[in-house]
Amino acid sequence: MGRTSASPSVSISAASTPSSDVPDINPIASIAPYPLASTPIHAGIARACRPDFAHHLEKRRVLAYVRAYPMATKLPTPPRVGMVSLGCPKNLVDSERILTQLRADGYQMSPDYAGADVVLVNTCGFLDSAKEESLEAIGEAIKENGRVIVTGCMGKEAEAIRTRFPDVLAITGAHEYEQVVEAVHAAAPANLSPYIDLIPDAGLKLTPRHYSYLKISEGCNHRCSFCIIPSLRGDLVSRRPDAILREAEKLVAAGTRELLVISQDTSAYGIDIRKEPRMWKGQEIVPHMTDLARELGKIAPWVRLHYVYPYPHVDQVIPLMAEGLVLPYLDIPFQHAAPSVLKRMKRPGNDAKVLQRIHQWRDICPDIAIRSTFVVGFPARRRRISNICSTGWMKPSSTASVPSASSRSRVPPPMPCPITSPRR
């Protein structure tokens, strides 16, 4: 590492002072009456010692000290990484984890293409339009910077990306954090230094300080006929509950007020590690949605559950909402209300039972809000949408016929059904 040869508190330099001017003295013995830092630093002459240090020592002694303990004149410039994050909040969490690891490895973030040594593009491949947006982002990054690494859901289509963009440095799949970091290390090696690799305990966030996404699992075990998530992200893989709670504590300590719990299927959390309980602050935590929600409610002021599949055990979470441990809010993608359509979607088809459960939930927690999504124009469906609008899911003043969509590329026109309540 380079060294300096001048003191900030004394206007002399080693280069301009003849060596004969410096007597053969022991710099430590000369400075012994004044306290020194355990590790000599360049500012130590003015900072680590007494404030009147320079006034009590002759210039020759200061020069001897500087020569004995030189310091770097310039810190190494760390590589800079640019990030383009596309797609859902789960992709955003992946981007945060990648950036956190890179920051820990000594990299800095670049807000633009021009200042980046390498650019990461975290892609989305859920819809054709999302794929096209991802390809456009890759093309733009190559045009503006030239050194691009692709990750995310479209990593499954590496051959297609290579065909269109042969200059891409590397391509990895979804949640392949280690491979992404290794690719960045190969493209722009980092100069590690204790002066530039400091990061917050909670990691680097791409969201405002007051809320954070908390991902509890990856993948999904369902095989809904309209969804390609399992082929992109694989089967369910749950995180250890103690690791999740530890991350939640760090986020709250860093200023997070609301934790948004996300995954592909939040209700299924823990079914793959159900026999692997973990110790957390002296008590055993079972990897289960209810137990995890209860413990998160003790850590964060607000806990909001997203992507909840309507399993029977979801009923156990409602009392936690009534107690105030979890926000009275559920994001449940019902997708449809017609049993025949749900059967073709390969989803549960007893809409009457689901409605009954919603009424029971409201009896326990009257303030509960339910956010949902519905698929309109599912392939092979040629009937009116009355099943959605007449069974209590929605109550618009009028309905409209929707033509069938025989393929994903044929999207039906918008429905003129007004929204009767504001979205939460």
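Up top you'll find the structure we're talking about.
Bear in mind the structure is a predicted one, so any value in this text is a computation, not a measurement.

Undergrad: When you look at the sheet that holds strand β1 (residues 80-85) in this model, what are you seeing that I'm missing?
TA: For sheets, the rule is that strands pair by backbone hydrogen bonds, running either parallel or antiparallel. Taken in spatial order, the five strands make up an open sheet running β2-β1-β3-β4-β5, and their pairing is parallel. With partners counted over all chains shown, the strands left at the sheet margins are β2 (108-109) and β5 (170-171), one partner each. Contacting β1, β3 (118-123) and β4 (148-152), helix α5 (residues 128-144) crosses the sheet at an angle of about 175° to β3.

Undergrad: Explanation requested: the pattern of salt bridges in the structure shown.
TA: Two side chains bearing opposite charge may form a pair once their charged atoms approach each other closely. Going through the model one piece at a time under the given rule, you end up with 17 salt bridges. A salt bridge links Glu-96 to Lys-205, with the shortest nitrogen-to-oxygen separation between them at 3.0 Å. With Glu-96 in helix α4 (residues 89-104) and Lys-205 in the loop between α7 (177-187) and β6 (211-215), the pair connects residues that are 109 residues apart, well separated along the chain. Given the relative accessible area of 2%, Glu-96 is considered buried. For Lys-205, a relative accessible area of 29% translates into the label partly exposed. With a closest N to O distance of 3.8 Å, Arg-246 and Asp-242 form a salt bridge. Here Arg-246 and its partner Asp-242 are both found in helix α9 (residues 241-253), four residues apart, which amounts to about one turn of the helix. Among the charged side chains, a salt-bridge network with shared partners connects Asp-94, Lys-215, Glu-218 and Arg-233.

Undergrad: Looking at this model, I keep getting lost on the packing of aromatic side chains. Mind explaining?
TA: Each aromatic ring pair is characterised by the separation of its centres together with the angle its planes make. Scanning all chains against the criterion turns up two aromatic pairs. Centre to centre, the rings of Tyr-211 and Tyr-213 are 6.0 Å apart; their planes meet at 90°, and the pair counts as edge-to-face. Owing to a relative accessible area of 15%, Tyr-213 belongs among the buried residues under this scheme. Residues Tyr-309 and Tyr-311 carry aromatic rings whose centres are separated by 4.9 Å and whose planes lie at 40° to one another, so their mutual orientation is tilted. For the pair Tyr-309 and Tyr-311, one class covers both residues: buried. The ring of Tyr-307 has Lys-90 sitting right over it, with the charged end atom 3.7 Å from the ring centre. Sitting over the ring of Tyr-329, Arg-304 keeps its end group 4.6 Å from the ring centre.

Undergrad: What's the story with the pairing of β6 in this structure? I'm lost.
TA: Side-chain positions along a regular strand alternate between the two faces of the sheet. Judged by how many residues are buried, β6 sits mostly within the fold: four of five residues are covered. Note: β6 against strand β9 (residues 258-262), five bridges, orientation parallel. For Leu-214, the partnering residue across the bridge sits in β9 and is Val-261.

Undergrad: How should the packing of α4 against α7 be read in this particular structure?
TA: How two helices sit against one another is set out by the angle between their axes and by the gap between those axes. Between α4 and α7, the shortest axis-to-axis distance is 10 Å and the interhelical angle comes to 45°. In terms of their interaxial angle, α4 and α7 are classed as oblique. Of the two elements, α4 crosses α7, and the hand of that crossing is right-handed. For the pair α4 and α7, contact is made by Asp-94, Arg-97, Ile-98, Gln-101 and Leu-102 and by Tyr-177, Val-180, Val-181 and Val-184, respectively. Among the residues forming the contact of α4 with α7, the class breakdown is six nonpolar, one polar and two charged.

Undergrad: Just to check I follow, could you spell out the environment of Leu-325 for this structure?
TA: In this structure, Leu-325 sits in the loop between α11 (318-323) and β13 (329-331). Counting along the chain gives 21 residues from Leu-325 to Arg-304, while the straight-line C-alpha distance between them is 10.0 Å. The residues contacting Leu-325, other than those within four sequence positions of it, are Arg-294, Gly-297, Lys-298, Val-303 and Leu-320.

Undergrad: What am I meant to see in the nonpolar core here?
TA: Leu-296, Leu-305, Met-321, Leu-330 and Trp-361 are the most contacted members of the largest nonpolar core, which totals 39 residues. Where this core is concerned, the elements lending two or more residues are α9, β9, α10 (289-299), β12 (302-305), α11 and α13 (351-364). Per-element tally for this core: the top contributor is α10, with five residues. Residue contacts for Leu-305: discarding those within four places in its chain leaves Val-261, Met-289, Val-317, Val-326, Tyr-329, Leu-330 and Asp-331. Counting 18 residues, the second largest nonpolar core, distinct from the first, contains Ala-116, Ala-137, Met-154 and Val-168.

What counts, and at which threshold
- Residues numbered from 1 in each chain as written.
- Predicted model: local features only at pLDDT ≥ 70, side-chain atom pairs only at ≥ 80, totals over all residues.
- Heavy atoms only, no water.
- Pairing = 2+ DSSP bridges.
- Helix = DSSP H or I, 4+ residues; strand = E, 2+ residues; numbered from the N terminus.
- Contact = heavy atoms within 4.5 Å.
- Axes fitted to C-alpha atoms, helices over the stretch in contact; angles between N-to-C directions.
- Salt bridge = Lys/Arg side-chain N within 4 Å of Asp/Glu carboxyl O.
- Buried < 20%, exposed > 50% of the residue type's maximum accessible area, 1.4 Å probe, protein only.
- Phe/Tyr/Trp six-rings, centres within 6.5 Å; stacked < 30°, edge-to-face > 60°.
- Lys NZ or Arg CZ within 6 Å of the ring centre and 35° of its normal.
- Parallel < 35°, antiparallel > 145°, perpendicular 65-115°, else oblique.
- Left-handed = near helix turned anticlockwise from the far one by under 90°.
- Nonpolar A, V, L, I, M, F, W, Y, C, P; charged D, E, K, R; others polar.
- Core = buried A, V, L, I, M, F, W, Y, C linked by side-chain atoms within 4.5 Å.

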